[in-house]
Amino acid sequence: MRLLKKGTTLDFMGKRKLALVFSGAMLLVALGAILARGLHLGIDFTGGTLIEVAYAQDADIPAVRQVLEKGGFTGASVQQFGTPRDVLIRLPQLEEGKSKKISDDVFALLSKAVDGKVELRRVEFVGPQVGDELTEDGALAVLVALMAILIYVALRFEWRFALGSVIALVHDVIITVGLFALLQIEFDLPVLAAVLAVIGYSLNDTIVVYDRIRENFRKLRKGSPEEVINISLNQTLSRTLMTSFTTVLVLIALFFLGGEIIHGFAFALLVGVIVGTYSSIYVASTAALMLGVSKADLMPVQKEGVVNNMP
Amino acid sequence: MNRYPLWKNLLVVFVLLVGFLYALPNIFSQDPVVEITGTRGATVSKSLQADIEDALKQAGLQPKRVEMEADRLRVRFEKAEDQLRAQDVIARKLPANYTHALTLSPDLPGWLQAIGGKPMNLGLDLRGGIHVLIDVDMDAALQKSMELQVVSMRTFLREKKLRYVTVKADGMTVKVRFKDAATRDKAMEAAAEEFRSMNFSAQDDGRSFYFVAAVSEAEQTAIRKQALAQNITTLRNRVNALGVAEPIIQQQGQRRIVVELPGVQDPGKVKDLLSATATLEYRLVAGDPAQAAEAERTGRVPPGTRLYHERNGAPILLKRQLIVTGDQMVSASSGVDQQSGSSAVFVNLDSKGARRMRNVTTENVGKPMAVVFKEKRTVGRDENGKEIKKWVEEVINVATIREPFGRRFQTTGLDSIEEAHQLALLLKAGALAAPIDIVEERTIGPSLGQDNIDQGFTSVVVGMALVVLFMVLYYKGFGMVADLALLLNLVLIVALLSILQATLTLPGIAGIVLTVGMAVDANVLIFERIREEIAVGSTPQASIHAGYAKAFSTIMDANITTLIAAAVLFAIGSGPVRGFAVTLAIGIVTSMFTAIVGTRSVINLIYGGKRVSKLSI
């Protein structure tokens, strides 16, 4: 079986202006959403308390709300979570000292209201200081990952490729995060981890394409950079699509079967993998081309050490 | 062509064998177990084992097996109800310096245990339990150490007969005031000799003469470290009293402590116990009740004294100087006072505290001594509704010293036996060197943990089935080989996680799912190359060879960059995110082995050294 006809000759680079406009538009929407609507940050970053409870019967959400309000917990958000019996309660950051006991108080209150026919499933409490730290660490993690990758690719390939791959990664990260802002899906710690995994994945894709571009620059005696890149993209196209497809397959399984907690995580990866596949074809290669990559830059300067360890 | 040397085939077989062996413990069922460990140097012994076995037999309980390991005794049961009943029996039988905890442990055959086989370590999000992150108030620790510095400076100057006016703590310095420069200079010289870690300087303001002794940066760092270490010890003691199996108490960063308690059901109780701060102080009484009433009325207390209140509200003047505090108590138990019948705490002091207590009581026979119960409590709210926490200090007991005493004594005056019990527990665990605050909590109920395992397992299986099916459709024979590699990859991941005892979390399972998707990537790269080679007219054998060779450096580059991302995740992330990074990294490494070396050895076995006209790809 084959996804594509043998020996495709699609003119990817010829459409680069169109791709540029498309990417530009997506980036604008993503950035606009992030700036205008902001991210719906989870309590990992904002601080606050989250309580998940499971009732013996289907939960009566308005009743839960009423019980909480009577108990003095105003500003609580109550929503169904996964099954009709599960309820998720979010409480905003409260004054220091009070908040660490709040989950116990809330559960005691709910339990009393239904004669103990409710089970505590999960409590997450994050103090304001910790939330700030996680936000800082998260942003730092993304930056450090990008820097480390920039250095590795620059060493293994060439600075134009390094820059091109980082441009593609920033593109993927902004669009993925932007979609979370646009749809107001909660952005929590696992989602951040997913964004970092997207960086890893998208890079994986980009490297495979670059690897082939380098090989073809060295092998093919003639042809403009544009043509060489086009040939390389066509040669790697079925692999790029195949790998994305298998990854998307498992992510769909994770998204639908992995449970409510892992939802955002799986969604971020799904979006990231799809955007990453697109960007490794259109953004990373286009960037390298526009930065003026040429045959002269890629002729071997030294012997490569890795090739000798072939299996 | 395309034949692996024997050693390479053997390597593949060996790795897989080891992989299967170490993944094996994960499929054994778990026994309910009561685990017994010694504290404070006590070790489990044969005689203890015999005692426990006897006690269980008398209670009509038949353990499945009793195992002795280096530092612990495991009593296995068939049923969870037996385990619970046995817990009561064991609790009554067990000497005070042993603790017991309920846990689950797989019933592995001896040979598997002998090679160190263990099941994967499940994270709290999978097994249920409580995770709390505790912040230690370092400013308070420093302040407290400054109070001690002031006391020792005062004592030193008094002993050396150097007349000072006042000794005060001022930030991280001790400021001592003198009447004249000559005494100041003499005192400063002597003190500098004694307190070598402090930096001394002289200061005058025309009328008074001071010397200022500053605590060095290095010393402050040492104080902070000490406070953190002592808090960890104290928290560990308190957690041990809870009887939780496999608790984790460890430092995180400069001023944080992580406490993880698997399987605990009541987060409220745990948090109360962890952050409780009650302690006792012993002080001499100064002046009579009339003076105390006078002091309360005017707000002026005689020098060297402080005004306290008894539990009934009556004012009482106590000397500022402490005799001993809860820090110096090495053990404590609660009980009932034989004479009065009221609840009491029986206390044992350490040698330094005992010496001091003996000295003070010898000098003060016939005089009254007071016991102060100190507890940090919420006393109200300020105008912003913020809780105000204060040390509440109550005099629970005033008694006349009838005769000198030292190491062991008892204190009465507590309201109830529960209060005495709680206080004894806290005294035994040791006081917290500095106040703590819980800054993060994550509790996972047991049912959610099981759900997470089930859902994680289902998504791995379904995701994998989809990929396996697709690979066979797309690459036929070669696809089957890749699928075999994929299954073996999963076994290797489980084996490595078990060997490393890395913690498997829900995001960790997601990491496995993701590696399943990405693990086939290496094979896709290789197979696409082989197809390309065939397309340009190479022979099947040459195509296989070239396919593997050309894809290799691409696979390396692609995987190393993903490893970089995983490493960054691991370094910067916490808890669950780390779990994801670990499985992702392990998955990348194992998939490179199975996808490159593993598939090649199978392909070589199928096609190698034969005349082949067509490949099934």
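Quick caveat, the model's predicted, so the values are computed rather than measured.

Novice: Please clarify how the overall build of chain B should be interpreted in this entry.
Specialist: On a plain count of helices and strands, chain B comes out with 16 helices and 22 strands. Scaling as 2.2 N^0.38, a compact globule of 617 residues should have a C-alpha radius of gyration of about 25 Å, whereas chain B reaches 34 Å, well beyond that. If you line up chain B on its principal axes, its C-alpha atoms span 110 × 70 × 50 Å. Across the 617 residues that make up chain B, the buried fraction comes to 41%. Relative to all contacts within chain B whose residues are 6 or more apart in sequence, the contacts with residues 24 or more apart total 71%.

Novice: Explanation requested: the packing of helix H6 (residues 138–159) of chain B against helix H8 (residues 217–242) of chain B in the structure shown.
Specialist: For any two helices packed against each other, one specifies the inter-axial angle together with the distance between the axes. Residues and elements named next belong to chain B. Between H6 and H8, the shortest axis-to-axis distance is 10 Å and the interhelical angle comes to 110 degrees. As far as their axial angle goes, H8 and H6 are roughly perpendicular. Between H6 and H8 lies a crossing of right-handed hand. For the pair H6 and H8, the contacting residues are Met 138, Ala 141, Leu 142 and Ser 145 in the first and Gln 220, Ile 223, Arg 224 and Ala 227 in the second. For the contact of H6 with H8, the residue count by class is five nonpolar, two polar and one charged.

Novice: Can you help me understand the domain arrangement of chain B in this one?
Specialist: Size of an interface, as often reported, equals the accessible area lost when the parts are brought together. Domain boundaries in chain B define domain 1 (6–24 + 445–607), domain 2 (29–107), domain 3 (139–220) and domain 4 (278–431). A separation of 42 Å is found between the C-alpha centroids of domain 1 of chain B and domain 2 of chain B.

Novice: Got a minute to help me understand the environment of Phe 405 of chain B in this structure?
Specialist: All names here are of chain B. By secondary structure assignment, the location of Phe 405 is in the loop between strand S19 (387–400) and strand S20 (408–412). A count of 15 C-beta atoms within 10 Å places Phe 405 in the partly exposed class. Taking the C-alpha atoms as reference points, Phe 405 and Val 365, 40 residues apart in sequence, are found 10.0 Å from one another. When sequence neighbours within four positions are dropped, the list of residues in contact with Phe 405 reads Met 357 and Thr 361.

Novice: Explain the domain arrangement of chain A here, please?
Specialist: Taken domain by domain, chain A comprises domain 1 (13–41 + 130–299) and domain 2 (48–126). On a C-alpha basis, the centroid separation for the pair domain 1 of chain A and domain 2 of chain A is 39 Å.

Novice: Help me out: how do you make sense of the confidence of the model for chain A in this one?
Specialist: For residues with low pLDDT, the predicted coordinates do not support detailed interpretation. Averaged over all residues, the pLDDT of chain A is 85; the fraction at 70 or higher stands at 92%. The least confident element of chain A is helix H10 (residues 295–298) of chain A, whose mean pLDDT is 74; the most confident is helix H1 (residues 16–36) of chain A, at 94.

Novice: In this structure, what is going on with unusual backbone geometry? I would like to understand it.
Specialist: Note on backbone geometry: most residues besides glycine have negative phi, and most peptide bonds are trans. Residue and element names in this part refer to chain B. In this model, Lys 161 sits at a positive phi of 55 degrees, which is unusual for a non-glycine residue. One can find Lys 161 in the loop between H6 and strand S7 (166–170). Unlike most non-glycine residues, Lys 476 shows phi in positive territory, near 50 degrees. Inspection of the secondary structure assignment puts Lys 476 in helix H13 (residues 446–500). Judged by the 14 C-beta atoms lying within 10 Å of it, Lys 476 falls in the partly exposed class.

Novice: Is there a simple way to explain the sheet that holds strand S16 (residues 329–336) of chain B in this structure?
Specialist: Through backbone hydrogen bonds, the strands of a sheet pair up, either in parallel or in antiparallel fashion. Residues and elements named next belong to chain B. Sheet architecture is open: three strands sit in the order S16-S17-S20, paired in antiparallel fashion. The open sheet terminates on both sides in strands that have one partner only, identified here as S16 and S20. Here the average twist between neighbouring strands, direction ignored, is 25 degrees. As defined by bridge partners, S16 adjoins strand S17 (residues 343–349) across seven bridges and the pair is classed as antiparallel. Bridged to Ala 332 within S17 is Val 347. The sheet contacts of helix H12 (residues 417–429) involve S16 and S17, and relative to S16 the element is tilted by about 165 degrees.

Novice: I would appreciate a short explanation of the interface of chain A and chain B in the present structure.
Specialist: The interface of chain A with chain B comprises 65 residues on the first partner and 71 residues on the second. When residues of the side of chain A that touches chain B are traced back to their parent elements, those giving at least two are helix H4 (99–113), strand S5 (118–126), helix H5 (128–156), helix H7 (189–219), helix H8 (225–257) and helix H9 (263–290) of chain A. Considering each element in turn, the side of chain A that touches chain B owes the most residues, 13 residues, to H8 of chain A. With five bridges joining them, S5 of chain A and strand S21 (residues 436–444) of chain B adopt antiparallel strand pairing. The residue bridging Phe 125 of chain A from the neighbouring strand is Glu 441 of chain B, located in S21 of chain B.

Reading the values: the criteria
- Residues numbered from 1 in each chain as written.
- Chains lettered and ligands numbered in written order.
- Predicted model: local features only at pLDDT ≥ 70, side-chain atom pairs only at ≥ 80, totals over all residues.
- Helix = DSSP H or I, 4+ residues; strand = E, 2+ residues; numbered from the N terminus.
- Rg over C-alpha atoms; globule rule 2.2 N^0.38 Å.
- Buried ≥ 20, exposed ≤ 12 C-beta atoms within 10 Å, placed from the backbone.
- Contact = placed C-beta atoms within 7 Å.
- Axes fitted to C-alpha atoms, helices over the stretch in contact; angles between N-to-C directions.
- Parallel < 35°, antiparallel > 145°, perpendicular 65-115°, else oblique.
- Left-handed = near helix turned anticlockwise from the far one by under 90°.
- Nonpolar A, V, L, I, M, F, W, Y, C, P; charged D, E, K, R; others polar.
- Domains from an automatic or database assignment.
- pLDDT = per-residue confidence, 0-100.
- Pairing = 2+ DSSP bridges.

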